[in-house]
Amino acid sequence: MKTEVKLYTNGKDKNIRVYVCKDYETLSKKAATIFASQVNLKPESVLGLATGSSPIGMYKELIKMNKAGEVDFSKVSSFNLDEYYPLEETNEQSYRYFMNQNLFKDINIDISRTHVPNGNAADIEKEAADYDKAVADAGGIDLQVLGIGGNGHIGFNEPDSTFVLPTHVVNLKEDTIKANSRFFATIDDVPKRAISMGIGTIFAARSILLVASGKGKAEAIKATLEGNPDPMVPASVLKLHSNVYFVIDEEAASLLEEYKPE
Ligand code: GLP
């Protein structure tokens, strides 16, 4: 694996480890190794989970590792980043459905300790406040997994989000609705709103693992790693976090200039 994964640095931001991987499969394995190490070090870890296509490969690797006895999820609990609103959890496009299908059904996690915001709650503001309380009651998030939107969004925190926000209801931007319409029958079926952990909730995680692959993410990755923290690029807040892993492929890294292989 040595030559397939390279550690990139900019010589100063020691809080950020950028692993550039040969391809998506290598990226998925590297990310799974970091994730599994967290669980092996602390079996009762509180895990922050993400949906989207980026972490699917990592989840597949974790399923394999779980079946091989290399990682045990029986004591963990999990909190997902976000959910469409309004949407029922039984809808195949819901993030609850996604998590059940892509991870939970194939690992030994206690499903009662998995949490996804309820996108069908009668009182969505209360749901948001209760969600942050549940995260706090669980002891806070040990490792938060993130993907990144082409516009730099994390969770559903769109450009111009306030960095300190807790879990809240968001209006999705047109480009996000368009990007996510690939999973729905028509673009009109994509909910226009979502409930998402805020950047404040995400930032409070003790460590963060962001995965990104493909050319479509290259600009967002460059703006995140090489620009100044800027609410127009929500992921750029991560530059200020003390413990972050970026696990990205060569295409997603292709526009980096300041970050170079060590
Ligand atoms: C959605 C999700 C994000 C995800 C992003 C990128 O908008 N809310 O959590 O990171 O899409 O998705 P993908 O990994 O499919 O490119």
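Each value, and the rule that gives it
Residues numbered from 1 in each chain as written. Predicted model: local features only at pLDDT ≥ 70, side-chain atom pairs only at ≥ 80, totals over all residues. Heavy atoms only, no water. Phe/Tyr/Trp six-rings, centres within 6.5 Å; stacked < 30°, edge-to-face > 60°. Lys NZ or Arg CZ within 6 Å of the ring centre and 35° of its normal. Near = heavy atom within 4 Å. Polar contact = N/O pair within 3.5 Å; in protein donor to acceptor, adjacent residues only side chain to side chain. Areas by Shrake-Rupley, 256 points an atom, 1.4 Å probe, with all protein chains shown as cover.

*Asks:* Any chance you could explain the packing of aromatic side chains here in plain terms?
*Replies:* Ring pairs (aromatic) are described by centroid distance and by the angle formed between their planes. Taken as a whole and judged by the stated rule, the model has 6 aromatic pairs. Members of the aromatic cluster, connected to one another through ring pairs, are Tyr 84, Tyr 95, Phe 156 and Phe 184. Cation over ring: Arg 17 sits above Tyr 245, and NZ or CZ is 4.2 Å from the ring centre. For the cation-ring pair, Lys 30 lies above Tyr 19, with the distance from its terminal atom to the ring centre recorded as 4.2 Å.

*Asks:* I tried to follow the site of the ligand on my own but got confused; where do I start?
*Replies:* In the region of the ligand, 13 residues are neighbours, and Ser 53, Ser 54, Asp 82, His 153 and Lys 217 sit closest. In this structure, an oxygen atom belonging to the ligand sits 2.5 Å away from a side-chain N or O atom of Ser 54. In this structure, an oxygen atom belonging to the ligand sits 3.4 Å away from a main-chain N or O atom of Ile 148. The fraction of the free accessible surface of the ligand (390 Å²) that becomes covered by protein chains is 94%.

In short, shape yes, function no, at least from these values alone.
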